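Below, each chain spelled out in residue letters.
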Amino acid sequence: MTDADPTGPEDEARTAPAPESGDEDLVFLDDAAPDNTAPDGDGSAEEQPGSRWTMLIVDDEPEVHAITKLVLSDFAYKGRKARFLSAHSAAEARRILARESDIALILLDVVMETEDAGLRLVHHIREELRNRNVRIILRTGQPGQAPERAVILDYDINDYKAKTQLTAQQLFTTTVAALRSYEDIVTIDANRRGLEKIIEASSSLFRARSMKLFAAGVLTQLSGLLGVGPDAILCMQRGGAGAAGCTPSGRAPSGYPASLYVLAGSGRFEALINEPAAGHVDPAVLDAVTACLERQAHGYAGDHCTLYIRTPNDRETVVYLRSNRPLSELDRRLIEVFCGKISVGFDNLHHYEQLYRAQQGTLAALADLAERGRGTLGTDGAAAEKTADMAAEIIGDSRFSRSLRIAAITERIARRLHADGLFPESLDESTLEIIGLAAILHDIGNAAVDPGILSKPGPLDPTERSAMQTHTVAGAALLHQASHLADGPTHLHLGAAVARWHHENWDGTGYPDGRTGAAIPLCARIVAVADAYDAMTRDRPYRPALDRAHAVEEIRRLAGLRFDPAVVDAFLAVLPEIDRPGSGAGPAA
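I will try to describe carefully the structure that is included in this document. Everything numeric here is computed off the predicted structure, so don't read it as measured data.

Reading the values: the criteria
Residues numbered from 1 in each chain as written. Predicted model: local features only at pLDDT ≥ 70, side-chain atom pairs only at ≥ 80, totals over all residues. Heavy atoms only, no water. Helix = DSSP H or I, 4+ residues; strand = E, 2+ residues; numbered from the N terminus. Buried < 20%, exposed > 50% of the residue type's maximum accessible area, 1.4 Å probe, protein only. Areas by Shrake-Rupley, 256 points an atom, 1.4 Å probe, with all protein chains shown as cover. Pairing = 2+ DSSP bridges. Contact = heavy atoms within 4.5 Å. Axes fitted to C-alpha atoms, helices over the stretch in contact; angles between N-to-C directions. Phe/Tyr/Trp six-rings, centres within 6.5 Å; stacked < 30°, edge-to-face > 60°. Lys NZ or Arg CZ within 6 Å of the ring centre and 35° of its normal. Parallel < 35°, antiparallel > 145°, perpendicular 65-115°, else oblique. Left-handed = near helix turned anticlockwise from the far one by under 90°. Nonpolar A, V, L, I, M, F, W, Y, C, P; charged D, E, K, R; others polar. Expected span 1.5 Å × (residues − 1). Polar contact = N/O pair within 3.5 Å; in protein donor to acceptor, adjacent residues only side chain to side chain. Salt bridge = Lys/Arg side-chain N within 4 Å of Asp/Glu carboxyl O.

1. As for the overall build of the chain
Piece 1. When helices and strands are counted, the chain shows 18 helices and 11 strands.
Piece 2. Looking at the chain as a whole, 45% of its 589 residues are labelled buried.
Piece 3. Put simply, the chain shows about 28200 Å² of open surface, and 53% of that area lies on carbon and sulfur atoms.

What follows is the structure, given as structure tokens:
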């Protein structure tokens, strides 16, 4: 038989002929075979995988199979009985090994279709299949053909028995010892693979530069590490008890923490990202998450687990994972190691995002001042009063917000081009991280332009237009000089290119250098579209704002003339994100 024997050891034992007294294939000495009382055979379809120890008997004598199953019919180790597979040749054994992945023990004859068939099978298992876990016990009725010392030294086997010397008790003892070794090896191997996954997951996660991407990666890696389903949610505390909407106790009217929100979700929770947990997450799930926060410890149930992650700076995060099985002790140990490694990642990304936002704010403020032109800051009373008026305008909306919107649109277009596999030589991860900051600086050269020209309500005359166009060269020179303070490509280096060439046209009719097509740096081509869309949808000193539809149609019309067609396609693809309320990139109504 080449599959699990459906008759079980009892039926085969009944039909097997009794060995003759002179037969040396398998003789049990001294020990009486155990009573054969209602053996369980090979198991039923209802049993869970791994509920039995899988043992493969490889021998060309049917009697060996029958007697081995008879002796081990009531075998049990750590509450698990035996499941027997039978192969009557090394070739049959190879086919079974190709489809069965959980064989714990092989009882292997040496001499079968050839004198060294068993030894060749050992080589196949260890060297070709790379299976170092399965325990192999050689049994031979002709020990002279395969001397024990040579076999033990030359082949990776775990025991060597002459059939004429093997008793029932020795077979039982040898089997238990082999299974104990197999269990230890499998546990060590599972720990090793789990730790490798943790190291790999942590390395990839720490390359993330976005809290949302990091959180989504945490869910993906945990689901893969534990082999659980896709339904998972990651909640984080925002603010504290004094957060907006909280009652004096720090809870929403529903009784749940009002500061708890969904940072990442997968499966049925994916639509809840960025939503407050209270009122959006299922009450049963929210109860589990809240209980985990209150006891500040992991929680394990039959169908789910909640993982508590506290960062070094006391930021609290809870992961809820839906599971279709109870988690093992190994799973729990791996969770603890993984959560310990990534806890610092949440803090690092929080600090990174705060620094990035501070940098955005600083650049936007400088760009705002530059766009207002010369003379906006001074020491006299009129200048001070003017500065106060400017500050009030900045707090409301004005050019400050416009700079941030252009940065957001630029980054969305760049990421879409990257996702589509376009311009890989120009859009690597480091560029994607700084291109938004570079976009903020596109009009920094306006600091060198007369404010009267910038705010003129009517068309510019040739002299004024020439003076206005100098802002590209002035901005590039300023940023180029500043970029020398930093090593490697930064937003200053990229900003210098954007500042100089974002008014170049695809067909060569732009300024200051009349560049055409791909000779215009990609970053400048992207900012040109973002800047134009934002400008067209806002009131200007010389014209009222266009509505969105007319602005989009104008950008379509200018593709291939003023704008790079590929950039326009990417802009149109991300337009729903740009115009979505609350996106931070949409134009004013």
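2. Some details on the sheet that holds strand S3 (residues 80-87)
Piece 1. Strand order in the open sheet made by the six strands is S2-S3-S1-S4-S5-S6, with mixed pairing throughout. Both outer strands of the open sheet, strand S2 (76-77) and strand S6 (159-162), are each paired with one neighbouring strand and no more.
Piece 2. With two bridges joining them, S2 and S3 adopt antiparallel strand pairing. Among the inter-strand pairings, Ala76 is bridged to a residue of S3, identified as Lys81.
Piece 3. Docked against the sheet, helix H2 (residues 62-71) engages strand S1 (52-58), S3, strand S4 (103-109) and strand S5 (135-140), running at close to 180° with respect to S3.
Piece 4. Helix H3 (residues 90-99) contacts S1, S3 and S4 of the sheet and is inclined by roughly 130° relative to S3.

3. Structural notes on the packing of aromatic side chains
Piece 1. Going through the model one piece at a time under the given rule, you end up with four aromatic pairs.
Piece 2. Each ring, one from Phe75 and one from Phe172, has its centre 5.5 Å from the other, and the planes form 65°; the classification is edge-to-face. A residue pair is termed long-range when its members are at least 10 positions apart, and Phe75 in the loop between H2 and S2 and Phe172 in helix H6 (residues 168-205) qualify at 97 residues.
Piece 3. Lying over the aromatic face of Trp53, Arg80 brings its terminal NZ or CZ to 3.7 Å of the ring centre.
Piece 4. Lying across the ring of Trp501, Arg515 places its NZ or CZ 4.1 Å from the centre.

4. What to know about the packing of H3 against helix H4 (residues 117-128)
Piece 1. Across the interface, H3 lies against H4 with an axial gap of 10 Å and an inter-helix angle of 20°. Comparing their axes, H4 and H3 come out roughly parallel. Our pair here, H3 against H4, has a crossing hand that is right-handed. Of the residues in H4, those touching H3 at Ala90, Ala93, Arg94 and Leu97 are Ala117, Arg120, Leu121, His124 and Ile125.
Piece 2. Of the residues contributing to the contact of H3 with H4, the split by class is six nonpolar, one polar and two charged.

5. Details of the side chain of Thr431
Piece 1. For Thr431, the position within the fold is in helix H12 (residues 429-440).
Piece 2. If we ignore the near neighbours within four places in the chain, the residues touching Thr431 are Ser426 and Leu494.

6. So, unusual backbone geometry
Piece 1. In the segment running from Tyr511 into Pro512, the intervening peptide bond is cis, with an omega of 10°.
Piece 2. One can find Pro512 in the loop between helix H15 (491-501) and helix H16 (522-536).
Piece 3. Its identity as a non-glycine residue notwithstanding, Lys78 has a phi of 55°, on the positive side.
Piece 4. Using a relative accessible area of 57% as the deciding quantity, one classes Lys78 as exposed.
Piece 5. Even without a glycine there, the phi angle at Arg130 is positive, about 55°.
Piece 6. Tracing the sequence through the fold places Arg130 in the loop between H4 and S5.
Piece 7. Note on Arg130: relative accessible area 56%, which makes it exposed.

7. A few points about helix H18 (residues 565-579)
Piece 1. Counted at 1.5 Å a residue, the expected span for H18 with its 15 residues is 21 Å, and the 21 Å between its end C-alpha atoms agrees.
Piece 2. Burial in H18 covers these residues: Val567, Val568, Ala570, Phe571, Val574, Leu575 and Ile578.
Piece 3. At the N-terminal end of H18, a side-chain oxygen is found 3.0 Å from the backbone nitrogen of Ala566, two or three residues along, and the residue is Asp564.

8. Looking at the pattern of salt bridges
Piece 1. Under the defined criterion, the tally for this structure stands at 23 salt bridges.
Piece 2. A salt bridge links Arg402 to Asp534, with the shortest nitrogen-to-oxygen separation between them at 2.8 Å. Here the residue Arg402 occupies a position in helix H11 (residues 398-419), and Asp534 occupies one in helix H16, the gap between them amounting to 132 residues.
Piece 3. Residue class for Asp534 comes out buried when judged on its relative accessible area of 1%.
Piece 4. A salt bridge links Arg538 to Asp534; the nearest nitrogen and oxygen atoms lie 3.1 Å apart. This pair shows no difference in class: Arg538 is buried, exactly as Asp534 is.
Piece 5. Each member of the salt-bridge network shares a partner with another, and the members are Arg126, Glu127, Arg130, Arg132 and Asp156.

9. Overview of H16
Piece 1. Along its 15 residues, H16 runs 21 Å from first to last C-alpha, staying within 8% of the 21 Å computed at 1.5 Å per residue.
Piece 2. Among the 15 residues of H16, 15 are classified as buried, and the element is accordingly described as predominantly covered.

Interpretation in functional terms is not warranted from these geometric data alone.
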